[in-house]
Amino acid sequence: MKIPVAKPHVGYYEKKFSKDAIDNGWISSNGKYIEKFEQQLKKKLKAKNCVVCSNGTVALVMALQALGIGRGDEVLVPDVSFTATINSVINVGAKPVISEIDKETWCIDPKKIVNKITKKTKAIICVHLYGNPCEMEELIKIKKKYNLFLIEDAAESFGSKFKKKFTSTIGDIGCISFFGNKTISTGEGGCCVTNNKKFYKKLLLIRNNGIDKKKRYFSHFPGLNFKMTNVQAAIGFAQIKKLNQFIKKRKLIEKKYDEKLIEFNNIFRQKIQLEHKKVEWLYTLVIENCNINKLIKYLEKNNIETRRIFYPFHQMPIYKKYVPKKFDKKNSNYIFDNGISLPTFYDLKEVEIKKIINKIILFQKKAIHSN
Ligand SMILES: Cc1ncc(COP(=O)(O)O)c(C=O)c1O
């Protein structure tokens, strides 16, 4: 049996609640679970408002639209992320400006942002990559000084904290993904988080074709249908109740991998500040002096699925025009060339973790001998 890199956990309550939604006929976006899930999300994140939607990509589009970002505006994005981060900017008609990442945190480097700010810059999207919180204090300082909006792409960081605050609750709007490989999942799904009432009201309109509850079929904004279904929310409602359990398991997986792997002097992890709390999304390593593609193939042969780090945006031809003239590719190329994500999911067994570790160590030893 192959060990996948990620897999959602679907238990008794996920089935019970989604069956309840189906049995009662509430399979579209009306129904009690939407409200229940949003309430739970608010409570867990200690946030004022949560607006669930169809997926994390759409959450980013909704956030940009709620902040009034569109044609003629520029938005700073990190060089390394899933393509939804940059595609959302392009899809609202704005221009993404790609910014360098930090070699150690792998997140957007605040020091490299300032020289890219122009009169057209409206926002920064910071990405808490693999669950690791960005340098939020530095980013907030820049946001205030240059009067910018700050969107947190917290697609991969549900449950992570910067100091005492949950990621997604620190900037103007935070965007979460509930895709099947995330800490909690609704199959497909997403959420916008904001403590700002004005943005919250706008998000509600954007999600529902510009229509509010007061006047049916009367549109106030050319929004689209970005709603989550009641069946998805029922699954989310079951999952969020198990959040602590999920986080605990992810911590355990991280500990087990760390114990055996980081003692090698060519293996490095993302720098995680002790004052923050990182919920491991996908356990990801940088292995220097190792042919990553060969390692991936070797693990694949041994029925272990892994993943490379996301392609840096600057490497993809469609995004070349968004790379500033003076741009340092060094850090993103370094993590891309040397990075690998290992299986990380709730139902991963201890024997499977051992097998993965052993195979990596064996590969390392073979590589040393053949050099
Ligand atoms: C950093 C980042 N942003 C946005 C998204 C988009 O989320 P979704 O797949 O739910 O559309 C993802 C996807 O997983 C992601 O990793």
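Residues numbered from 1 in each chain as written. Predicted model: local features only at pLDDT ≥ 70, side-chain atom pairs only at ≥ 80, totals over all residues. Heavy atoms only, no water.

## Considering the packing of aromatic side chains
For any pair of aromatic rings, geometry is given as the distance between the ring centres together with the angle between the planes. This is how the line gets drawn: Side-chain rings of Phe, Tyr and Trp (the six-membered ring for Trp) are treated as a pair once their centres are within 6.5 Å; stacked means planes under 30 degrees apart, edge-to-face means over 60, and tilted covers the remaining angles. Secondary structure is summarised from DSSP: a helix means a run of H or I of at least four residues, a strand means a run of E of at least two, and numbering begins at the N terminus for each. Relative accessibility thresholds used throughout: buried, under 20% of the residue-type maximum; exposed, over 50%; partly exposed, between the two (1.4 Å probe, protein chains only). Lysine and arginine charges are scored as sitting over a ring when NZ or CZ, respectively, is within 6 Å of the ring centre and within 35 degrees of the ring normal.
The final tally for this structure, using the stated rule, is 17 aromatic pairs. With a centroid separation of 6.0 Å and 50° between ring planes, the pair formed by Phe82 and Phe310 is classed as tilted. Here Phe310 lies in the loop between β12 (307-308) and α10 (330-338) and Phe82 lies in the loop between β2 (74-78) and α4 (84-91), a separation of 228 residues in the sequence. A relative accessible area of 46% places Phe82 in the partly exposed class. Taken together, the aromatic side chains of Tyr12, Tyr13, Phe17, Tyr33 and Phe237 make up a single cluster linked through ring pairs. Against the face of Tyr334 rests Lys103, its NZ or CZ located 4.7 Å from the ring centre. A cation over a ring is seen here: Lys249 above Tyr346, with NZ or CZ 5.7 Å from the ring centre.

## Some points on helix α3 (residues 56-66)
Using the following cut-off: Polar contact criterion, stated in full: a pair of N or O atoms within 3.5 Å, where within protein one must be able to donate a hydrogen and the other to accept it, and residues adjacent in sequence count only if both atoms are side-chain atoms.
Extensive coverage of α3 is indicated by the burial of 9 of its 11 residues. When α3 is considered as a whole, its buried residues turn out to be Gly56, Val58, Ala59, Leu60, Val61, Met62, Ala63, Leu64 and Ala66. In this structure Asn55 caps α3, since a side-chain oxygen of it lies 3.1 Å from the backbone nitrogen of Thr57.

## Considerations on the sheet that holds β12
Stated precisely, the cut-off is as follows: Whether two strands pair comes down to DSSP finding at least two bridges between them. It only takes one pair of heavy atoms within 4.5 Å for two residues to be counted as in contact. Axis definition: a line fitted to C-alpha atoms, over the contacting stretch in the case of helices. Angles run 0 to 180 degrees between N-to-C directions.
Spatial ordering of the open sheet is given by β10-β11-β13-β12, a layout of 4 strands whose pairing is antiparallel. On the outer flanks of this sheet lie β10 (267-268) and β12, each paired with one strand and no other. Taken strand by strand, helix α9 (residues 292-301) contacts β11 (283-287), β12 and β13 (339-342), and its axis lies near 20° from that of β13.

## Side note on the site of the ligand
What counts is decided by this rule: Distances are taken per atom, and a residue is near a molecule or strand as soon as one of its heavy atoms is within 4 Å of it. Residue exposure ignores everything except the shown protein chains as possible cover, and the areas themselves are Shrake-Rupley values with a 1.4 Å probe.
Taken together, 15 residues lie around the ligand, and Gly56, Thr57, Glu156, Ser177 and Lys182 are the ones closest in. Thr57 places a polar side-chain atom, nitrogen or oxygen, 2.5 Å from an oxygen atom of the ligand. Burial of the ligand by the protein chains amounts to 93% of its free accessible area of 380 Å². For the shell around the ligand, the secondary structure elements donating two or more residues are α3 and α4.

## Some words on the nonpolar core
The criterion, for reference: Working definition of a nonpolar core: buried Ala, Val, Leu, Ile, Met, Phe, Trp, Tyr and Cys residues. They are joined through side-chain atoms within 4.5 Å. Each domain's extent is set by a domain assignment, obtained either automatically or from a database.
Counting residues in each nonpolar core, the largest one holds 36 residues, and the members touching the most others are Met62, Val75 and Ile173. Of all the secondary-structure elements, those providing two or more residues to this core are β1 (49-53), α3, β2, α4, β4 (121-127), β8 (173-177) and α6 (197-207). Among the elements that make up this core, the one with the highest residue count is α3 (8 residues). When we break this core down by domain, the ones giving at least three residues each are domain 1 (12-240) and domain 2 (243-370). Every residue in contact with Ile173, bar those within four places of it in the chain, is listed here: Ala63, Ala66, Leu67, Leu150, Ile151, Glu152, Ser168, Cys192, Val193, Thr194, Phe199 and Leu203. Grouped together as the second largest cluster of nonpolar side chains are 31 residues, Val80, Ile113, Ile142 and Leu150 included.

## A few points about the pattern of salt bridges
We apply this condition: Any Lys or Arg side-chain nitrogen found within 4 Å of a carboxyl oxygen on Asp or Glu counts as a salt bridge.
Per the stated rule, a full pass over the model turns up 22 salt bridges. One salt bridge connects Lys19 with Asp23, and the closest N-O pair in it is separated by 2.7 Å. Residue Lys19 and its partner Asp23 are located together in helix α1 (residues 12-23), separated by 4 residues, close to a single helical turn. According to the relative accessible area criterion, Asp23 is exposed, its value standing at 52%. Between Glu280 and Lys278 there is a salt bridge whose closest N-O contact spans 3.3 Å. A relative accessible area of 2% means that Glu280 is categorised as buried. Each of Lys251, Glu254, Asp258, Arg269, Lys278 and Glu280 takes part in one network of salt bridges that share partners.

## Let's talk about the domain arrangement of the chain
So the rule is basically this: Summed over both partners, the accessible area lost on bringing two parts together, with a 1.4 Å probe, is the buried area. Residues are grouped as follows: nonpolar covers Ala, Val, Leu, Ile, Met, Phe, Trp, Tyr, Cys and Pro; charged covers Asp, Glu, Lys and Arg; every other residue, Gly included, is treated as polar.
Considered domain by domain, the chain is made up of domain 1 (12-240) and domain 2 (243-370). Computed over C-alpha atoms only, the centres of domain 1 and domain 2 are separated by 25 Å. Residue-level contacts link 45 residues of domain 1 with 42 residues of domain 2. Summed over both partners, the interface of domain 1 with domain 2 buries about 3,900 Å², with 61% contributed by carbon and sulfur atoms. For the pair domain 1 and domain 2, the interface holds 2 salt bridges. In this structure, Glu275 and Lys163 form a salt bridge, with 4.0 Å as the shortest nitrogen-oxygen distance. At 5 residues, the largest contribution of residues to the side of domain 1 that touches domain 2 is made by strand β3 (residues 95-99). Classifying every residue of the side of domain 1 that touches domain 2 by side-chain character gives 18 nonpolar, 13 polar and 14 charged.

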